[in-house]
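Residue-level structure breakdown
This is what each chain is made of:
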Amino acid sequence: MGLPTEVSSLLFPGTSYQIERSVRLRRSASAYFNRTLTTPTLSTRYTLSFWLKRGQLSLVEGIFAARQSASPYELITFQSNDTLIWYSSNGLNVTTNAVFRDPSAWYHLMFVSDTTEATAANRSKLFVNGTQQTYSSAAYPAQNAANVIDSAIAHWIGSQHNGSGVVDFFDGYIAEVNFIDGQALPTSSFGYTDSQTGVWTPRRYTGTYGTNGYYLKFTDNSAATATTIGKDFSGNGNNWTPTNVSVTLGSTYDSMLDSPTNYADGGNGRGNYSTLNPLVRLGSVPLANANLQATSTGPNNATQSTIAMPPSSGKWYAEFQASSSTFPRVGVSDATDTNNNMQGSLTISWGGNTTGEFYVNGTLTAQSAGGYSTEIIGIAYDTATRRVWFSKNGVWQNFSGSGADPATNTNPAGTLAGSSDVFFALRSESCTITANFGQRPFSYTPPTGFRALNTQNLPTPSIQNGAKYMDVSLFTGDGSNGRAITNSGMQPDLVWQKSRSTAYQHYLFDSVRGTGLYLVSNSTAAEAANSNTLISFNSNGYSINSGIGTPGGINDVGATFVGWQWKEGAVPGFDIVTYTGNGAASRSIAHSLGAPPKMMIVKWRGGSNNWAVGHTSLTNWNWYLSLNTTTAQTGDATVFPVTPDSSVFYVGSSSLSNGNTNGYVNYLWSEVPGFSRFGSYVGNGSSDGPFIWLGFRPAFFLVKASSGGTAGSQSWSIADNKRLGYNLNDYYLFANSTAVEGTGNNLDLVSNGVKLRGGPNENGTTYIYAAFAENPLKIARAR
């Protein structure tokens, strides 16, 4: 017996349903598709399903529209605040609570209308990635009202219509459009949640379409006509006419390999492709053409690719073309290098002016190849050697000697310093630069062994479903004994629980110390025992009793709670070590991570001392933070005297970590690509705050100001993917405080990291963070 597709797709890549292509709609070109429908099969029911990847953000953008002069009309539109509004002259008017500000991956959107429903709220349902959306405001059609988007009037894809003309064009990518006339279908008709990865995954629709139904695949790019790129594959012949959509090779080519599904195609590969990242804009770099074009009239403005080239994994190629010789610069850059001249210490770049300034790790390097103007500039980067090559119109440039050739690893333009992730990057000053990461045909064949930057070509992480090793559970207390708190299906070894609605303490339980024993992160208090707390670690969560009296905070009736949970092991990079101190000045203690810890949290179990947190991004391992205070980093080599390695960590003579005869617990995490990351960033005090590249869609994000500004008065802030569940992710709890859940976190959890829009973002202050994944970018959906 064969495995079902939903299971076999993970074990045997390429066996799941594959979406072949998308079409890029360029707002700058006023691109759209249109068609006039006929009399519908049934005017009271329809289902519209499609995949979408955003380009420009924070604009009014029409996605779907039906309009006859001023009225009737039905419109689906992104608003300037990035909410989605769905409204019609039949009385429908709903606006999402969620904002859609993830430009780095694909969304699946599904609109279901059934005006025959007796309950008004059931008449108009919107699903994103299989999850029904809630609305900040809502008005619904009258029962049995006719729908407009299924009526015999003019319709548009990629624009809005104001009654007199086509306006408010969409900028981005659209794929796999299914419109079903006369049926209100379940989400399972078009997708499913993969049982192994937890990711919403496309499913081929196999039902009937009705008279006005259509299926647009955008796969016939032989011409830009209604019977080719706009062809209806439903069998109905309901083709759509493209306007300003190009299939002519070059920078305006709009038939893209960018797809919600990963698979090898014998060429560049299909999957989610890198674009330029509108969440990373150093200076002011307006992006256009679905984030493949950057234009700037001012000086020193830079941006990076949405996908990083991971350390020691792969060889990568991309192409860039400037509109003039006026100060373009292209190259590669480390994520932490914020030098918007593209001349930073972790950057290799070429350009600047007609003489062709060439910088390697912050140093201007003499070169003889001259500059460039409107030529195609190719960049090849080898992550194993960190070597970079540049080509001009297909000819590799000899910056450091003759015979430069990435295919043979000879005479690179330079070698990038450091060891972290690297991005393709550009500076656009007084010119326009277009990027090509392989989603359209390259102008020149990549050197042998070098690949296009997309998710199909990324390495497969060891953990594809983060919830198997770190998960978040929400519940409302009921005061009962033996209450089971469930997660997605893993047995935790560390449970950290906090009441969201009541000012109770943070309780930490772990399987090494045993049930009924807890520590409190917001206090110096010693370990306490109480049988009315956590009573078991289960295969799919944990069980608790009624609580511990006043103050409670375990299972109080009516109180809301969150339980953050981690599974111990080398695979997820988490270890729990208990030990007895001996007061030695430098003592090594074994751990089982198999890699150097990036963060350690230590507590004296029997004493009223602060918690001690060591972190890879503090000044060094001789510095620490206190989990239970707001204090900035403190230098003290008696706490963690030596940098930990892949087999041991070190503690000193301090009572915080190694007091003689004292009992301690140490929670240690190493970094696992695609699942966990530990780093730092510097705030800018802006609503357009830093973007933190993680390489995954986060499920948990812990932040503390470590130095600079008012670091000594800022709390440990915790965000997660469950307490709000969508962007804007506004809720926070403080690890060092009993305070109830607050609002104002102002960050977006996106498919490849975190975008700060306020919250922990004081200008000039350095913050350290710990992040754990929901899914790696290779398979993540947009949030």
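Predicted model, so just to flag it, every value in this text is computed and none were measured.

1. Remarks on the overall build of the protein chain
Along its length, the protein chain carries 1 helix and 60 strands. Taken against the 2.2 N^0.38 rule, which gives 28 Å for 783 residues, the C-alpha radius of gyration of the protein chain at 27 Å falls within 12% of a compact globule. Reported as C-alpha extents along the three principal axes, the dimensions of the protein chain are approximately 80 × 75 × 55 Å. When each of the 783 residues of the protein chain is scored for burial, the buried share is 60%. For the protein chain, the computed accessible surface area is about 24900 Å², with 47% contributed by carbon and sulfur atoms.

2. Looking at the pairing of strand S40 (residues 517-520)
In S40, alternate side chains face the same way, and those of Leu-517 and Leu-519 on one face and Tyr-518 and Val-520 on the other are all buried. What sits between the antiparallel neighbours strand S39 (residues 507-510) and S40 is a turn of 6 residues, in which Gly-514 has the positive phi angle 105°.

3. Concerning the sheet that holds strand S47 (residues 599-604)
Spatially, the 4 strands line up as an open sheet ordered S45-S52-S47-S48, and their pairing is antiparallel. Strand pairing shows two members of the sheet lacking a second neighbour, strand S45 (574-580) and strand S48 (612-615), which therefore form its edges. If you compare each strand with its neighbour and ignore which way they point, the axes differ by 15° on average. As defined by bridge partners, S47 adjoins S48 across 4 bridges and the pair is classed as antiparallel. Looking at the pairing, Met-600 lines up with Gly-614 of S48.

4. Some details on the layout of surface pockets
The space that makes up the second largest pocket amounts to roughly 760 Å³. If you list the elements that add at least two residues to the lining of the second largest pocket, you get strand S10 (131-132), strand S36 (470-476), strand S55 (696-707) and strand S60 (766-776). Tallied by class, the residues present in the lining of the second largest pocket amount to 15 nonpolar, 17 polar and 7 charged.

5. Section: unusual backbone geometry
Cis geometry marks the peptide bond from Ser-71 to Pro-72; its omega dihedral reads 0°. Residue position: Pro-72 is located in the loop between strand S4 (61-67) and strand S5 (73-78). Residue Asn-727 is joined to Leu-728 through a cis peptide bond whose omega torsion reads 5°. Here Leu-728 shows up in the loop between strand S56 (717-720) and strand S57 (729-734). In this model, Asn-129 sits at a positive phi of 50°, which is unusual for a non-glycine residue. Accessibility expressed as a relative area gives 13% for Asn-129, which makes it buried. Of note in this structure, Asn-411 is not a glycine but carries a positive phi near 45°. Along the chain, the position of Asn-411 falls in the loop between strand S32 (395-396) and strand S33 (414-415). A relative accessible area of 27% places Asn-411 in the partly exposed class.

What counts and what doesn't
Residues numbered from 1 in each chain as written. Predicted model: local features only at pLDDT ≥ 70, side-chain atom pairs only at ≥ 80, totals over all residues. Heavy atoms only, no water. Helix = DSSP H or I, 4+ residues; strand = E, 2+ residues; numbered from the N terminus. Rg over C-alpha atoms; globule rule 2.2 N^0.38 Å. Buried < 20%, exposed > 50% of the residue type's maximum accessible area, 1.4 Å probe, protein only. Areas by Shrake-Rupley, 256 points an atom, 1.4 Å probe, with all protein chains shown as cover. Pairing = 2+ DSSP bridges. Axes fitted to C-alpha atoms, helices over the stretch in contact; angles between N-to-C directions. 1 Å grid on protein atoms, 1.4 Å probe; cavity = no way out; pocket = protein on both sides within 12 Å on 5 of 7 lines; lining within 4 Å. Points joined across faces, edges and corners; volume = space filled by probe spheres on them. Nonpolar A, V, L, I, M, F, W, Y, C, P; charged D, E, K, R; others polar.

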